Amino acid sequence: MVQKYQSPVRVYKHPFELIMAAYERRFPTCPLIPMFVASDTVSEYKSEDEAIHVIERRCKLDIDAPRLLKKIAGVDYVYFVQKNSLNRRERTLHIEAYNETFSNRVIINEHCSYTVHPDNEDWTCFEQSASLDIKSFFGFESTVEKIAMKQYTSNIKKGKEIIEYYLKQLEEEGITFVPRWTPPVTCKSESSTSHTRRPVSPAINIPESATKEGLNNKEILNTSSSPSEPTAGTPDDKLDADYIKRYLGDLTPMQESCLIRLRQWLQETHKGKIPKDEHILRFLRARDFNIDKAREILCQSLTWRKQHQVDYILDTWNPPQVLQDYYAGGWHHHDKDGRPLYVLRLGQMDTKGLVRALGEEALLRYVLSINEEGLRRCEENTKVFGRPISSWTCLVDLEGLNMRHLWRPGVKALLRIIEVVEANYPETLGRLLILRAPRVFPVLWTLVSPFIDDNTRKKFLIYAGNDYQGPGGLLDYIDKEIIPDFLGGECMCEVPEGGLVPKSLYRTAEELENEDIKLWTETIYQSASVFKGAPHEVLIQIVDASSVITWDFDVCKGDIVFNIFHSKRAPQPPKKDSLGAHSITSPGGNNVQLIDKVWQLGRDYSMVESPLICKEGESVQGSHVTRWPGFYILQWKFHNMPACATTNLPRVDDVLASLQVSSHKCKVMYYTEVIGSEDFRGSMTSLESSHSGFSQLSAATTSSSQSHSSSMISRWRFC
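The protein chain goes by SEC14-like protein 1 in an unreviewed UniProt entry, where it is assigned to Pipra filicauda. In its Subunit (unreviewed entry) section, the UniProt record describing the protein chain reads: "Interacts with RIGI (via tandem CARD domain); the interaction is direct. Interacts (via GOLD domain) with SLC18A3; the interaction is direct. Interacts with SLC5A7 (via GOLD domain); the interaction is direct."

Here's what the structure looks like:
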């Protein structure tokens, strides 16, 4: 398995030239890096104007590894080759390094860059990426991987300290400024013309020795031009190390790398808005920074949020009056760590009455609104206290809890709520204080605890009777001034007292069922299944040319190809597909086919958009300006992996990809809408219309310069 690392952007508030002067002092050896024993210059090249300086070194490292392992490997030292390409004209330094020792068994590549900060030319940015691929190592592959990662992460931490150490050394020597490179002044001959000419960069004279030493002409020319690699950006573009520490907390280098890599993946597959960094980090923490597992649950959660429009629940949903009167919970100041504090008087709450009066789904939606409010309060407290706060504390008072609270439908509703919250709000509960637990509590705990994540369960503190008033109790976590009055404190708590819900407010099972269905089917999205050989198709009839067809879909499972076709005649009425001999039903969504088997492309219908291949997890938005009236068909088709052209044998990647899609089934969640051209604002992909359901969902999508049709991948960010 290939291990990868990507650093955040590290910003030095010093000019590039001064940073380079400090960096050069690391060679030929650096006492601050004990493993860095020595380095020898292998080749060196300087341009005539000294703007370009390329140097290649062979570095000798003493790896901290067990002596037995060194003896088995037959080496005492490990050698790396490092090539530094300094461009004083562009003010960039690009560093490439790879291992020379055991290069046939272990492949290590590292890329670093020093560039000028895009917003302040007197600051310098540093970025670093690396990869480790251990093919084989005498049966010690796992051990070598751990040693390599340990050594590498320890050196990453020292990187900034080393530069600052040499900057201080330069300052002690009286060197606080290094002039920028300027082109050499050439004297004009007497016969030169008097008119002004634009300055021309001096030509680079490539010495013959440089080519012999492995530096070809192309490489030299590339070093003198603008770097192809993206330069360091601001926190809006890339993550800055100081930003991470201020708003996200202290992360290890590998944790930073996981966050940046998952964020980059979201940028590539959800080109638009992505979740906030704090939220991405919560999902990574929930899966112990396993990127693949975190990505899977995060994508599922984003699709869920989008389908049920959870991002807008605080603005668009008003809790019923019954909840406001009888739900005994509310926000109450903050704990000693600055976390928002939520107080729930569960023992005083008539859970049976609430379920009978409102239904399970209304309770769930109310709990979701509480969690959304908690996310907002965490952001506010982060700004107020000047340190990262990403979770809240919940205080649950169980006085009054009895067998009535163990009513089976009520427990079922509680378990459903826990399941949804665990899946979509991981690592948001910082601490749970359970006070005045009665004898019946162990029964409830036995029912509930299996559904709670192990990491969450560790945050539970349970106090029986008045134990919370003693040492290690409530005062250890909450300031005395804000302890609620019903717990013996002096602070008035505005949380509703609960009480029995009047039976006159109860509703019949049929009414509740209809209400539940209404709550969670109020969505503009539809679900569909796509099978191999059975695409899903949607018909749109256009009367006026120049109308705008908009679409928005998420690929929930598998890879699909998206097409849009036009036909002058209407297809046959849609029929549910039985999938031929397979007789596979699609309970996760319908599957409708419109294009008749006898229809021919180019004769009966035409393709008006280039096919768009969409990978699992992608969120796609796009629009098409119709040129003709008639019938347009949006098609989601199963994507077949291309076979290898040089052999009839399937590739390993193809086989693995086919195994991932069970029964050749894909799932999409989609929404389409037709907008009149006069109502369509902005570019073809802004999807902003005064009459469109996309207005809120896509307020910040990026624009496209295509004139007639466009497709783009966009992502959602919940605020």
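More follows now that the structure is in view.
Details of the overall build of the protein chain
A tally of helices and strands in the protein chain yields 19 helices and 27 strands. Taking all 719 residues of the protein chain together, the buried fraction comes to 49%. Surface exposure of the protein chain reaches about 37400 Å², of which carbon and sulfur atoms provide 51%.

Some details on the side chain of Thr269
Among the structural elements, Thr269 can be located in helix α7 (residues 253-269). Exposure remark for Thr269: the relative accessible area of 7% places this residue in the buried category.

Observations concerning the packing of helix α8 (residues 277-286) against helix α9 (residues 291-307)
Contact geometry of α8 with α9 gives a least axis separation of 8 Å together with a crossing angle of 125 degrees. In this view, α8 runs oblique relative to α9, as classed from their interaxial angle. In this structure, α8 meets α9 at a crossing whose hand is right-handed. The residues of α9 that touch α8, namely those facing His279, Ile280, Phe283 and Leu284, are Ile291, Ala294, Ile297, Leu298 and Ser301. Each residue belonging to the contact of α8 with α9 can be placed in one class, and the counts come to seven nonpolar, two polar and no charged.

Regarding the sheet that holds strand β13 (residues 460-464)
The strand order β9-β10-β11-β12-β13 describes an open sheet built from five strands, whose pairing is mixed. Two strands lie at the open edges of the sheet, namely β9 (329-334) and β13, each paired on one side alone. The sheet shows a mean angle of 20 degrees between the axes of neighbouring strands, taken without regard to direction. Note: strand β10 (residues 340-344) against strand β11 (residues 392-397), four bridges, orientation parallel. The residue of β11 that forms the bridge with Tyr342 is Cys394. Across the sheet, helix α13 (residues 360-385) lies against β9, β10 and β11, angled at about 5 degrees from β9, the strand it touches most.

Side note on empty space enclosed by the protein
The full count for this structure, using the stated rule, is two cavities of 30 Å³ or more. If you add up the space inside the largest cavity, you get close to 1100 Å³. Met35, Leu61, Phe80, Tyr152 and Asn155 are the residues nearest the centre of the largest cavity, which is lined by 49 residues in total. Looking at the lining of the largest cavity, the elements with two or more residues in it are β1 (3-6), β4 (52-61), α2 (67-73), β5 (78-87), β6 (92-99), β7 (106-117), β8 (120-134) and α3 (141-172). Considering every element that reaches the lining of the largest cavity, the biggest residue donor is α3, with ten residues. Across the lining of the largest cavity, the residue classes tally to 34 nonpolar, nine polar and six charged.

Concerning the pattern of salt bridges
Tallied over the full model, the rule gives 34 salt bridges. A salt bridge links Arg431 to Asp335; the nearest nitrogen and oxygen atoms lie 3.7 Å apart. Here Arg431, found in strand β12 (residues 429-437), pairs with Asp335, found in the loop between β9 and β10; they are 96 residues apart in sequence, far enough to count as distant. Per residue, the accessibility class of Arg431 equals that of Asp335, and both read buried.

Some remarks on the environment of Tyr477
Secondary-structure assignment places Tyr477 in the loop between β13 and α17 (509-521). Counting along the chain gives 84 residues from Tyr477 to Thr393, while the straight-line C-alpha distance between them is 9.3 Å. Not counting residues up to four positions away in its chain, the partners in contact with Tyr477 are Asp335, Lys336, Arg431, Leu433, Leu461, Tyr463 and Gly472.

Some points on the packing of aromatic side chains
By the definition in use, this model includes 19 aromatic pairs. Judged by centre distance (5.2 Å) and plane angle (50 degrees), the ring pair of Trp551 and Phe562 falls under tilted. Here Trp551, found in strand β16 (residues 548-557), pairs with Phe562, found in strand β17 (residues 560-567); they are eleven residues apart in sequence, far enough to count as distant. Taken together through their ring pairs, the aromatic side chains of Tyr23, Phe27, Phe36, Tyr114 and Phe126 make up a single cluster. The ring centre of Tyr79 lies 3.9 Å from the NZ or CZ of Arg58, which sits over that ring.

Comments concerning helix α15 (residues 441-448)
Those residues of α15 that fall on the buried side of the exposure criterion are Phe441, Leu444 and Val448. Buried residues along α15 cover an arc of 65 degrees about the axis, so they all sit on one side. Next to the buried residues of α15 lie α14 (408-424), β12 and β13.

Comments concerning the packing of helix α1 (residues 16-24) against α3
Where α1 contacts α3, the two axes come as close as 8 Å, and the packing angle between them is 100 degrees. Relative to α3, the element α1 lies roughly perpendicular. Between α1 and α3, the contacting residues are Leu18, Ile19, Ala21, Ala22 and Tyr23 on the first element and Ile163, Tyr166, Leu167 and Leu170 on the second.

Concerning unusual backbone geometry
Here Phe27 and Pro28 are connected by a cis peptide whose omega angle stands at 5 degrees. With respect to the helices, strands and loops of the structure, Pro28 is situated in the loop between α1 and β3 (36-46). Phi at Arg91 takes a positive value of approximately 60 degrees, unusual for a residue other than glycine. Classification of Arg91 by relative accessible area gives buried; the value is 9%. Of note in this structure, Arg436 is not a glycine but carries a positive phi near 55 degrees. Its place among the elements puts Arg436 in strand β12.

Remarks on the nonpolar core
Counting 52 residues, the largest nonpolar core has Leu323, Tyr327, Leu354 and Leu398 as its most contacted members. Mapped onto this core, the elements with two or more residues apiece are α11 (321-326), β10, α12 (351-358), α13, β11, α14, β12 and α15. Tallying contributions element by element places α13 first for this core, with nine residues. Core analysis: the second largest hydrophobic core is formed by 40 residues, Phe16, Leu18, Val106 and Tyr114 among them.

Cut-offs applied
- Residues numbered from 1 in each chain as written.
- Predicted model: local features only at pLDDT ≥ 70, side-chain atom pairs only at ≥ 80, totals over all residues.
- Heavy atoms only, no water.
- UniProt positions renumbered as here; feature names shortened; annotations may be inferred.
- Helix = DSSP H or I, 4+ residues; strand = E, 2+ residues; numbered from the N terminus.
- Buried < 20%, exposed > 50% of the residue type's maximum accessible area, 1.4 Å probe, protein only.
- Areas by Shrake-Rupley, 256 points an atom, 1.4 Å probe, with all protein chains shown as cover.
- Axes fitted to C-alpha atoms, helices over the stretch in contact; angles between N-to-C directions.
- Parallel < 35°, antiparallel > 145°, perpendicular 65-115°, else oblique.
- Left-handed = near helix turned anticlockwise from the far one by under 90°.
- Contact = heavy atoms within 4.5 Å.
- Nonpolar A, V, L, I, M, F, W, Y, C, P; charged D, E, K, R; others polar.
- Pairing = 2+ DSSP bridges.
- 1 Å grid on protein atoms, 1.4 Å probe; cavity = no way out; pocket = protein on both sides within 12 Å on 5 of 7 lines; lining within 4 Å.
- Points joined across faces, edges and corners; volume = space filled by probe spheres on them.
- Salt bridge = Lys/Arg side-chain N within 4 Å of Asp/Glu carboxyl O.
- Phe/Tyr/Trp six-rings, centres within 6.5 Å; stacked < 30°, edge-to-face > 60°.
- Lys NZ or Arg CZ within 6 Å of the ring centre and 35° of its normal.
- Arc of directions from axis to C-beta.
- Core = buried A, V, L, I, M, F, W, Y, C linked by side-chain atoms within 4.5 Å.

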